[in-house]
Amino acid sequence: FAALIQTGNLPNPADAEEWAVFLARYDGYFARSEYEVVGPERRPLVFLFGSYSNAAKFGGTPAYEAILQAWVAHRMQRNLTLPHFVQQDAYNDTFVKQLRLDKVVQSRSSYALGDGKVNGSYGDQMAQNVWRWEHWLANGDDVLPLAATGWDPRDRGTGCASWMPHGEGTAWTRMPTAQEVAATVTAAVQWVCNNSAAAVTRHVLVYAWNENSEGG
């Protein structure tokens, strides 16, 4: 398993008690043998979601970076392996480039993939997968590819998910066949093999947003 942290819920290091509880919890997770690690240093893999949208909550990107840097400093002070951060809603090139230049976040990825089409083709979704991988590679980023395997939140529009954004469920992608899913995952794995210098985690993420809300 690996942590997926909705960054709007990150504690403020200035709150010493809350920060200490947070650090102790994740130190415990990272120490477990089943926690997912990457690279020869066996760095614990941490996905960050909501980072760009929540940067304003922290007072801007530098303040958000400071929280992650405080977390890294805690691990360094205790001679513990540093986390490998993956920015999961990494759709803003400028934001991601700043995090990378400041050596805060190591890899770039996606959370899910919806193209806004009504009864859209899964082939179009697959093409979007590949476009993101290639675009981020060209941007100089390290990439953890998303192999999106669907987008069909129509059932959520019936009111079963009161928190859903207005309008969700009005667009969907047709369900892929088993062969299309296999081709998508194979393409992502092959992309990592072909671009290993820019895919240091050697991981892919397989994910669908569907009637179960989140099918990762």
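Scroll up to find the structure.
An account of the accompanying structure is given in this report. Because the structure is predicted, anything quoted here is derived from the model rather than measured.

1. Regarding the overall build of the protein chain
Thinking step 1. What the protein chain contains, in helices and strands, is 6 helices and 7 strands.
Thinking step 2. Going from N to C terminus, the protein chain has its helices and strands arranged as β-α-β-β-α-α-β-α-β-α-β-α-β.
Thinking step 3. When the 216 residues of the protein chain are sorted by exposure, 47% land in the buried category.
Thinking step 4. Per element, the accessible surface of the protein chain, about 10,900 Å² overall, is 54% carbon and sulfur.

2. Concerning helix H4 (residues 93–101)
In an α-helix, one turn spans 3.6 residues, which is why side chains three or four residues apart end up on the same side.
Thinking step 1. All buried positions along H4 are accounted for by Phe95, Val96 and Leu99. One side of H4 carries all its buried residues, which in axial view fall inside an arc of 95 degrees. Counted as exposed and oriented over 90 degrees from the buried face of H4: Thr94 and Leu101.
Thinking step 2. Of the residues trailing H4, Lys103 is marked for its positive phi of about 60 degrees.

3. Here we look at unusual backbone geometry
Thinking step 1. Phi at Arg42 is positive, roughly 55 degrees, even though this residue is not glycine.
Thinking step 2. Assignment of secondary structure puts Arg42 in the loop between strand E2 (37–38) and strand E3 (43–49).
Thinking step 3. You can call Arg42 exposed: its relative accessible area is 54%.
Thinking step 4. We note that Asn119 has phi near 60 degrees; this positive angle belongs to a residue other than glycine.
Thinking step 5. Relative to the helices and strands, Asn119 is located in the loop between strand E5 (107–108) and helix H5 (122–138).
Thinking step 6. The partly exposed category is assigned to Asn119, whose relative accessible area is 36%.

4. A few points about the side chain of Ser107
Thinking step 1. Here Ser107 shows up in strand E5.
Thinking step 2. One polar contact links Ser107 to Asp142, side chain to side chain, over a distance of 2.6 Å.

5. Observations regarding the packing of H5 against helix H6 (residues 178–194)
Thinking step 1. For the pair H5 and H6, the least separation of the axes is 11 Å and the interaxial angle reads 10 degrees. Judged by the inter-axis angle, H5 sits roughly parallel to H6. The residues of H6 that touch H5, namely those facing Tyr122, Met126, Asn129, Trp133, Glu134 and Leu137, are Glu180, Thr184, Ala187, Ala188 and Trp191.

6. Observations concerning the packing of aromatic side chains
Thinking step 1. For the coordinates displayed, the defined rule picks out 12 aromatic pairs.
Thinking step 2. With a centroid separation of 5.0 Å and 80 degrees between ring planes, the pair formed by Phe1 and Tyr35 is classed as edge-to-face. Of this pair, Phe1 sits in the segment before strand E1 (3–6) while Tyr35 sits in the loop between helix H1 (16–31) and E2, placing them 34 residues apart in sequence.
Thinking step 3. Under the relative-accessibility criterion, Phe1 is labelled partly exposed at 41%.

Conventions and cut-offs
- Residues numbered from 1 in each chain as written.
- Predicted model: local features only at pLDDT ≥ 70, side-chain atom pairs only at ≥ 80, totals over all residues.
- Heavy atoms only, no water.
- Helix = DSSP H or I, 4+ residues; strand = E, 2+ residues; numbered from the N terminus.
- Buried < 20%, exposed > 50% of the residue type's maximum accessible area, 1.4 Å probe, protein only.
- Areas by Shrake-Rupley, 256 points an atom, 1.4 Å probe, with all protein chains shown as cover.
- Arc of directions from axis to C-beta.
- Polar contact = N/O pair within 3.5 Å; in protein donor to acceptor, adjacent residues only side chain to side chain.
- Axes fitted to C-alpha atoms, helices over the stretch in contact; angles between N-to-C directions.
- Parallel < 35°, antiparallel > 145°, perpendicular 65-115°, else oblique.
- Contact = heavy atoms within 4.5 Å.
- Phe/Tyr/Trp six-rings, centres within 6.5 Å; stacked < 30°, edge-to-face > 60°.

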